[in-house]
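# Structural overview for review
So the chains spell out like this:
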Amino acid sequence: MEKSNYTLAGWLAIGAAVLALPILFLGVMVDVLTRKGAEMVPVFLLLLACVNLAQLAMHVYAFLRLRHLLNERFGFHAVDTLIIAIVAMTIAIVSVSLLSRVALVAGLLTEALVPFSLAMIVLLAVPLAILGIVYAVKLLGLQDDLHGLLKPYAYTSIGASVCFATIILAPLGMLVAAVSTVFLGMILLRADRTPQVDFV
């Protein structure tokens with residue numbers, strides 16, 4: 001059993017959840033200050049990029065460790081491809097979002113082109129939300145309740161995905177996703193406290 005890896009992943013997942021609120025705050029600040037033409041925009045944008053990328057790296061690592069746990073301990077492979085697809089699309093959305101803000105602040109993206117940037121994010125976000133729902137539903141087929149955390153994790157994942165799919169409820173979706181990520185962290189932390197049992 002790879003104790004240090006699951007434990008690290010668990011704490012990183014919880015850390016990623018904690019960063020959700022700063023990301024929301026910094027995102028709002030960057031948008032507001034950009035409209036006002038404030039000189040502090042680059043500073044807040046740099047902070048947003050650093051926190052956002054840190055959260056992304058932490059969550060991706062934890063998510064991939066969950067995949068490893070499901071494969072190695074439970075022989076569960078039903079969500080393998082979905083996890084990779086979700087990771088890839090999440091990286092794409094974060095990249096497009098950050099690059100759009102940087103381009104807007106740098107004057108490379110005019111206000112007239114902002115709707116096109118938003119449309120690109122929507123085109124990625126809706127399929128990602130659908131994948132998230134399918135992932136959670138398939139995960140419920142696991143023949144183990146993960147210390148009672150399987151359903152809370154799956155249902156909050158579905159709730160977050162539904163919010164993201166509506167687009168307008170995306171900020172709420174970020175908060176629900178943070179709760180889901182805490183459950184993910186708890187699953188990984190408890191995985192190291194449970195001796196691995198081989199069923200014959």
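Up top is the structure these notes are about.
If you're wondering where the values come from, they're calculated on a predicted model, not measured in any experiment. (Residues numbered from 1 in each chain as written. Predicted model: local features only at pLDDT ≥ 70, side-chain atom pairs only at ≥ 80, totals over all residues. Heavy atoms only, no water.)

Quick look at the packing of aromatic side chains now. A complete count under the given rule lists two aromatic pairs for this structure. Look at Phe63 and Tyr135: their rings are 5.3 Å apart centre to centre, the planes differ by 75°, and that puts the pair in the edge-to-face class. Pair noted here: Phe63 is in helix H3 (residues 41-74) and Tyr135 is in helix H5 (residues 114-139), with a separation of 72 residues, a long-range link. Using a relative accessible area of 5% as the deciding quantity, one classes Phe63 as buried. What makes Tyr135 buried here is its relative accessible area of 3%. Their ring planes at 80° and their centres at 6.4 Å tell us that Tyr135 and Tyr153 sit as a pair that is edge-to-face. With Tyr135 in helix H5 and Tyr153 in helix H6 (residues 150-166), this pair connects stretches of sequence that are 18 residues apart. Among the residues examined, Tyr153 registers a relative accessible area of 4% and is labelled buried. Grouping aromatic residues by their ring pairs yields a cluster made of Phe63, Tyr135 and Tyr153. (Phe/Tyr/Trp six-rings, centres within 6.5 Å; stacked < 30°, edge-to-face > 60°. Helix = DSSP H or I, 4+ residues; strand = E, 2+ residues; numbered from the N terminus. Buried < 20%, exposed > 50% of the residue type's maximum accessible area, 1.4 Å probe, protein only.)

Once that is clear, we can look at the pattern of salt bridges. Applying the stated criterion to the full structure yields two salt bridges. In this structure, Asp31 engages Arg101 in a salt bridge whose closest nitrogen and oxygen atoms are separated by 3.1 Å. Taken together, the residues span a long stretch of sequence, with Asp31 in helix H2 (residues 20-36) and Arg101 in helix H4 (residues 80-105) at a distance of 70 residues. Salt-bridge contacts for Arg67 lead to Asp80; the nearest nitrogen and oxygen are separated by 3.9 Å. Of the two residues, Arg67 is situated in helix H3 and Asp80 in helix H4; the sequence distance between them amounts to 13 residues. For Arg67, a relative accessible area of 26% translates into the label partly exposed. Take Asp80: its relative accessible area is 11%, and that puts it in the buried class. (Salt bridge = Lys/Arg side-chain N within 4 Å of Asp/Glu carboxyl O.)

Next up on the list: the nonpolar core. By size, the foremost hydrophobic cluster in this structure holds 46 residues, and its most contacted members are Phe63, Leu66, Tyr135 and Tyr153. Contributing elements (two or more residues each) for this core: helix H1 (3-18), H2, H3, H4, H5, H6 and helix H7 (170-191). Ranked by residue count, the leading element in this core is H3, at 13 residues. Each residue touching Leu66, except ones within four places of it in the same chain, is listed here: Tyr135, Tyr153, Leu184, Ile187 and Leu188. (Core = buried A, V, L, I, M, F, W, Y, C linked by side-chain atoms within 4.5 Å. Contact = heavy atoms within 4.5 Å.)

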